Every structure is written in structure tokens, then in C-alpha cells.
Amino acid sequence: MKKDYKELQSSINDYFEEYSQQQLQDEIFPKFPDLFNAIAEFRGYGIQWQYKRESEASTVNDKMIFFESNLGKQYTGNPRYLYERMIERYPDYTYVWCYQGEAVIPGNPLIVKRGSEEYYRLLAQSRYIINNTTFPLWYHREETFYLQTWHGTPFKKLHWDMTSRPLHKRSTPDFYAKSSKWDALLSPNPYSTEKFRSAFRYKGEIIESGYPANDIFYDEARYQKVRSSIREKIGVTDEKTPVYLYAPTWRDGKHIGNAMFEFNLLFDPAEFLNKAPDNAVLLVRSHHMSSSDQELSKLKGRVIDVSGYDDAVELMCASDVLITDYSSIVFDWYCSRKPVIYYVPDYEHYVGPLRGSYFDLSEHNAGAICKTEQELHQALKETRPDKKTSHSGFYSKFCAMHDGQATDKVIDYLLSR
């Protein structure tokens, strides 16, 4: 079968022999992405020479696993929680992390810088590669198993589903090539499975298991331990102090280069605290693709910039109320059963011409939806930080698969491949 496919690729490539890579991307990819992909793979696009050299020179290590999260910027997400369980269950494996931050990673893994020669060498040697975004590699060697964990349940439209955009601007050749080679994709619920199939045009295997990162919300002792530890780190020593976590997503249309986007706080944090309960603390976490240093450097007192803190799950454990917009963090937050407030002053523009959404927030009993600062302040008065919520309809649709056992289920699946 593989030989027949290679012969087909060769024939297709011969037909488009005179097309450059740019012509293929501009003229073929928007309407015929699979055709583009077949040619790109045959020609070896997106395979760095260091990776190709190592693939030809070395065999795969069946006990080596390579992890990366958020482009190597953070030690977080599903890759982190799979890793921490794997070093408990399989201490004899060799583990590699692509990471450039300051967190202390347990287990003494090999740590490499994204894009370095060592990075590609170990990526080529690893039997399993695990990511929640994408590697800079279009195609990996056949002996490697690529588990894509992704990073949330989609509210905002993704890739091919962004019908508000022209066809040639919905997805990109490199993302399509990369996603076509995922050996398995994690999904936290049937809704996400449907959207992933459509948005990525993904035809491969999908594992519906819940997300490993959310297992902590179903283990009270572990949850409380992390909650106490992180609150102490940010200076909150009184358990009764209400902590609000503001975690917006990045905004399309404000691209400033190098896959980074302009950050806008969108409300006055001092006035927020004036309206919040006494002694409340506001944590502000910008998206890892938002350039927020300049704006958030002005924060002080009970308003704390936690954008540099790697793990969002730990911050969720430490917090009592989430304030967000279109970020997929909210679907993980619902597993905690704690209150959420949506602050969406640009809602009509965002879900309309800018990005598009899969559903209207008002269709679900999902929490307060605020489009002005005044509405946000009113929601603060009406939302009790110390009271659990049900949001039963929302929970049953998006969180019901979570049972606290997702990590072990995914590991068992992975190592059986």
C-alpha cells in the first residue's frame, strides 16, 4: 500500500513538475489541500536537514518520548500531566522536553531548545512525540507515533470552519501538512470530535477520553494541595481571600509579527477591585501568543500579572472565579464547578466578521455574559466566589467524559501502539 502511494505521489509530482512551492501553496492548496499535501510530502517540504540526517543515520529508541507544550514556551497542559504520570509508571524510559522557561521539571528529563540541532536529533530518535500545538516539522518518520493532545474545547471557529474568511486564509499549508500526520488526536468530548474533524479536515484516529490536565479537579486531596501551594506562591495566605483569574484569549486582527498579537486589558483593574469583595485579588494571565509585557508592567498591589506562570491548571486551582472571553480555558474551568463570568465587549465583532463562533453563549446557561464594564461590575456583585455552580446543561455537553482517569487511559492507549 505504501509503495503504491509513493508511486501515486511521484506521478502527481511529475504532473506539477513546473510548479514552485509558492505556486502550489497559492494555487493548489486552497481548493485541493490533499493534492498539495501529497506533492509537499513527496518533495520533502518542511523537513529540516538536521531531522532528515538523523532519521537516516539512527534508529528509533522505543523507550524515548519527546514532549512539547505551547511552542516550547511553557511546561503546562496535557503534555505536562501525561509526562508526570509516565515518570511514575515508567521510570526506565528516556524523556525529552522542549522547554525554554524557568520551571523546574521533575524526573530529570533531557531538555532541549526548540529548533536546535539537539532538538531535531532527539525528535528523530523518539518513538513517541507529544505536543499540544505543533512541531516545526511537517512530516515525521514512519516509525514515530505522534500524539496530538490539543488544548481545549473550541468555541471560536478554527481553520477550515472560519467561513467569514476567504478560502485561502482559513488554514495554512504547513498546519494542514502537520495535522494530516498526527497519528492520534485527543478530544475531551463528542462535540470537540465533530469540530476537530471539520476544522482540521482530520481523518485520523481520535481518542475521546477527557483531558489529562483536568484530572486534578476530580481528586480533592491533590486539588487542595496544589491550591494551597499556588496561593502561597502568589502571596494569598488566607483561604477566605477571593481570587479572580482574568484569562482572555489573543485577538485576531492585531498581529504584530512572529506569531504574536497585541494585548488589550479591556477594563480598569483598579475599578474592578473597587467593585469586588473586600481584599479580593485579581490575577491577569495573557495568552502565550499575546504581547502583554508593556501593559501589564503597570499592575501593582492586589492585581498580579501571572502571564509568566507556566501552568494555567494550577492557577485555576488557586482561583475562585474565572473571567474570560472566547478562550477554551473556560471548558476546563467548568470541571471545577466554580463560577465563571464572560467579559466580551467586542462580542458581535469577534463572533461575526473577525473570527466566528460555533454557538452563541446566550444559548447556554454558562454564566454571566457582560459586554460593558458596568455589566462586569454588576456580575461581580451577583457572583459568590465561595459557592459552587452547576451549569448542568453546559457541563453535561462539554465535561461529562471527565472522570479523573483520563491520564492513565491515554498512557495505556499510547504505549499499546
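Residues numbered from 1 in each chain as written. Predicted model: local features only at pLDDT ≥ 70, side-chain atom pairs only at ≥ 80, totals over all residues. Heavy atoms only, no water.

### Quick look at the overall build of the protein chain
Helices and strands together make up the secondary structure of the protein chain, namely 17 helices and 16 strands. Its C-alpha atoms give the protein chain a radius of gyration of 22 Å, near enough to 22 Å, the size a compact globule of 417 residues would have. Oriented by its inertia axes, the alpha-carbon framework of the protein chain measures out at about 70 × 50 × 40 Å. Counting only contacts in the protein chain whose residues sit at least 6 apart along the sequence, the fraction spanning at least 24 positions is 68%. A total accessible area of about 18600 Å² is found for the protein chain, and carbon and sulfur atoms account for 48% of it. In the protein chain, 52 side chains carry a positive charge and 58 a negative one; their mean positions are 1 Å apart. (Helix = DSSP H or I, 4+ residues; strand = E, 2+ residues; numbered from the N terminus. Rg over C-alpha atoms; globule rule 2.2 N^0.38 Å. Contact = heavy atoms within 4.5 Å. Areas by Shrake-Rupley, 256 points an atom, 1.4 Å probe, with all protein chains shown as cover. Lys, Arg positive; Asp, Glu negative; His and termini not counted. Charge placed at Lys NZ, Arg CZ, Asp CG, Glu CD.)

### A few points about the pattern of salt bridges
The full count for this structure, using the stated rule, is 25 salt bridges. With a shortest N-O distance of 3.7 Å, K195 and E194 are connected by a salt bridge. Here the salt bridges share partners, and the residues they tie into one network are R85, E88, R89, D408 and D412. (Salt bridge = Lys/Arg side-chain N within 4 Å of Asp/Glu carboxyl O.)

### Some details on helix α8 (residues 190-200)
An α-helical segment advances 3.6 residues per turn. Residues three or four places apart therefore align on the same side. Residues Y191, S192, T193, K195, F196, A199 and F200 constitute the buried set of α8. On its buried face, α8 is in contact with α7 (173-180), β6 (184-187), β7 (205-208) and α16 (392-398). Looking one or two places after α8, you find R201, whose phi comes out positive at around 50 degrees. (Buried < 20%, exposed > 50% of the residue type's maximum accessible area, 1.4 Å probe, protein only.)

### Some details on the pairing of strand β4 (residues 126-131)
Among the six residues in β4, six count as buried, and that is most of the element. The pairing of strand β1 (residues 61-68) with β4 spans five bridges and is parallel. Note on β4: the bridge partner recorded for I65 is Y128. Where β4 meets strand β5 (residues 145-148), four bridges bridge the pair, whose relative direction is parallel. Paired with I130 across the bridge in β5 is L147. (Pairing = 2+ DSSP bridges.)

### Re the packing of aromatic side chains
This structure, assessed with the given rule, holds 50 aromatic pairs. Ring geometry for Y15 and F16: centres 5.1 Å apart, planes at 75 degrees, overall edge-to-face. On the accessibility criterion, Y15 (67% relative accessible area) is exposed. Ring geometry for W138 and Y139: centres 6.2 Å apart, planes at 70 degrees, overall edge-to-face. A network of ring pairs unites the aromatic residues F155, Y191, Y326, F331, Y334, Y347, F359, F394 and F398 as a single cluster. Over the ring of Y128 we find R127, and its NZ or CZ is 4.8 Å from the ring centre. The positively charged end of R201 is found above the aromatic ring belonging to W160, 3.9 Å away from the centroid. (Phe/Tyr/Trp six-rings, centres within 6.5 Å; stacked < 30°, edge-to-face > 60°. Lys NZ or Arg CZ within 6 Å of the ring centre and 35° of its normal.)

### Description of unusual backbone geometry
Backbone geometry at N70 places phi at a positive 50 degrees, although glycine is not the residue there. Within the secondary structure, N70 sits in the loop between β1 and α5 (77-89). In this structure N70 comes out as buried when scored by relative accessible area, which is 9%. Even without being a glycine, N279 presents a positive backbone phi close to 65 degrees. Looking at where N279 falls in the secondary structure, it is placed in the loop between α10 (269-275) and β11 (281-284). The class of N279 is exposed, set by a relative accessible area of 56%.

### Description of the sheet that holds β7
The strand order across the open sheet formed by seven strands is β3-β2-β1-β4-β5-β6-β7, and the pairing between neighbours is parallel. Two strands in the sheet have a free side with no partner beyond their single neighbour: β3 (110-112) and β7. Along the sheet, successive strands turn relative to each other by an average axial angle of 20 degrees, direction set aside. Sheet topology note: the β5/β6 ladder contains two bridges and is parallel. In the sheet register, Q148 faces β6, and the bridge partner there is L185. Contacting β6 and β7, α8 crosses the sheet at an angle of about 135 degrees to β6. Those strands touched by helix α17 (residues 406-415) are β4, β5, β6 and β7, and its axis lies near 160 degrees from that of β5. (Axes fitted to C-alpha atoms, helices over the stretch in contact; angles between N-to-C directions.)

### Digging into the side chain of Q50
Structurally, the position occupied by Q50 is in helix α4 (residues 49-57). The buried category is assigned to Q50, whose relative accessible area is 14%. Of the polar contacts made by the side chain of Q50, one reaches the side chain of W49; its length is 3.5 Å. Beyond its immediate chain neighbours, meaning those up to four positions away, Q50 contacts E117 and Y120. (Polar contact = N/O pair within 3.5 Å; in protein donor to acceptor, adjacent residues only side chain to side chain.)

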